[in-house]
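Observations on the three-dimensional arrangement
Take a look at the letters that make up each chain.
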Amino acid sequence: MKVSLLVTVYNEKEHLSLTLASIEEQDYQDIEVVVVDGGSTDGTVELIENFAGRMEKQQGFSVQWVSEPDEGLYDAMNKACRMSTGDVLAVCNDRLCKPDAVSRLIAALESGGVCCVGAHADLVYVEGERVIRRWHMGQGKLSQGWMPGHPTLFLRREIYEKYGLYDTSYRCAADYEFMVRFLKEEDNRLAYVPEILVAMFYGGTSNAGLKNYLVSFQEGYRALRKNGVPHPLWITLRRSMRVIGQFGQSRQ
């Protein structure tokens with residue numbers, strides 16, 4: 001089963017170097033890396049070129065990449081999806097914590113049964129080596145405020161083909177709206193690996209300060225309403241309480 005790891009970047013050379021190094025360490029053999037750069041000027045392009053050459057010679061990984069202006073994160077993610085050729089797609093803009101992270105998620109997906117459309121795991125938000133927040137959602141239902149951690153989500157290509165790509169009209173929550181789109185159908189189930197497999201760089205689109213949290217709250221409510229999910233305000237409040245609880249867990 002071929003896995004496409006979708007990497008998007010713009011002038012984030014230091015973070016990208018950590019992401020690519022963690023991909024390079026993976027023990028899974030059939031990996032395609034798709035890098036979409038928004039036209040960086042900080043040495044990112046040279047880093048990608050070196051990575052592509054090294055991976056194709058040493059690891060046998062397929063690497064596709066492009067560097068050109070785009071319309072932001074979700075536009076870049078859509079572009080990466082369209083460029084990819086894998087059976088399973090995963091957005092990989094952070095650091096895979098273990099060399100068998102891809103292998104573990106694919107094994108969970110393959111053993112999840114006929115209704116299993118993907119797999120997810122736990123993650124931590126980090127600043128350097130400091131853990132800011134832990135994401136431990138386990139399994140649950142959308143109606144209970146549950147959602148998987150998008151940076152850990154490995155999905156069959158068929159989900160993107162059936163439900164479409166990311167809605168670029170959202171500023172912070174296009175990933176959530178996309179997940180709502182297919183998770184509202186209860187037949188679409190996700191396998192779960194109860195381990196921390198991803199370290200997310202803190203300060204991303206939906207977690208960079210109070211203002212972005214408020215925008216994310218509003219857009220989360222909008223995503224539920226758009227997709228006809230009952231009780232959208234209640235679900236949004238439940239989801240927010242779960243997120244606030246994660247900060248407390250990180251201090252324990």
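First, a word on scope: everything that follows refers to the structure included in this document. (Residues numbered from 1 in each chain as written. Predicted model: local features only at pLDDT ≥ 70, side-chain atom pairs only at ≥ 80, totals over all residues. Heavy atoms only, no water.)

The next thing to look at is helix H3 (residues 73-83). Where burial is concerned, most of H3 is hidden: eight out of the 11 residues are buried. Within the sequence span of H3, burial applies to Tyr 74, Asp 75, Ala 76, Met 77, Asn 78, Lys 79, Ala 80 and Cys 81. If you follow the buried residues of H3, they end up packed against strand S1 (3-9), strand S2 (31-37), strand S3 (62-67), strand S4 (88-91), helix H5 (157-163) and helix H6 (174-183). (Buried < 20%, exposed > 50% of the residue type's maximum accessible area, 1.4 Å probe, protein only. Helix = DSSP H or I, 4+ residues; strand = E, 2+ residues; numbered from the N terminus. Contact = heavy atoms within 4.5 Å.)

Now for the pairing of S1. With seven of seven residues buried, S1 lies mostly within the body of the structure. The alternating pattern of S1 places Val 3, Leu 5, Val 7 and Val 9 on one face and Ser 4, Leu 6 and Thr 8 on the opposite face, and all of these are buried. Pairing between S1 and S2: seven bridges, direction parallel. Paired with Leu 5 across the bridge in S2 is Val 33. In this region the chain leaves S1, passes through helix H1 (residues 13-24) and returns to the parallel neighbour S2; the handedness of that crossover is right-handed. As judged from the four bridges shared by S1 and S4, these two strands associate in the parallel manner. Across the sheet, the residue bridging to Val 3 is Val 88, located in S4. (Pairing = 2+ DSSP bridges. Right-handed = clockwise from strand over helix to strand, strands pointing away.)

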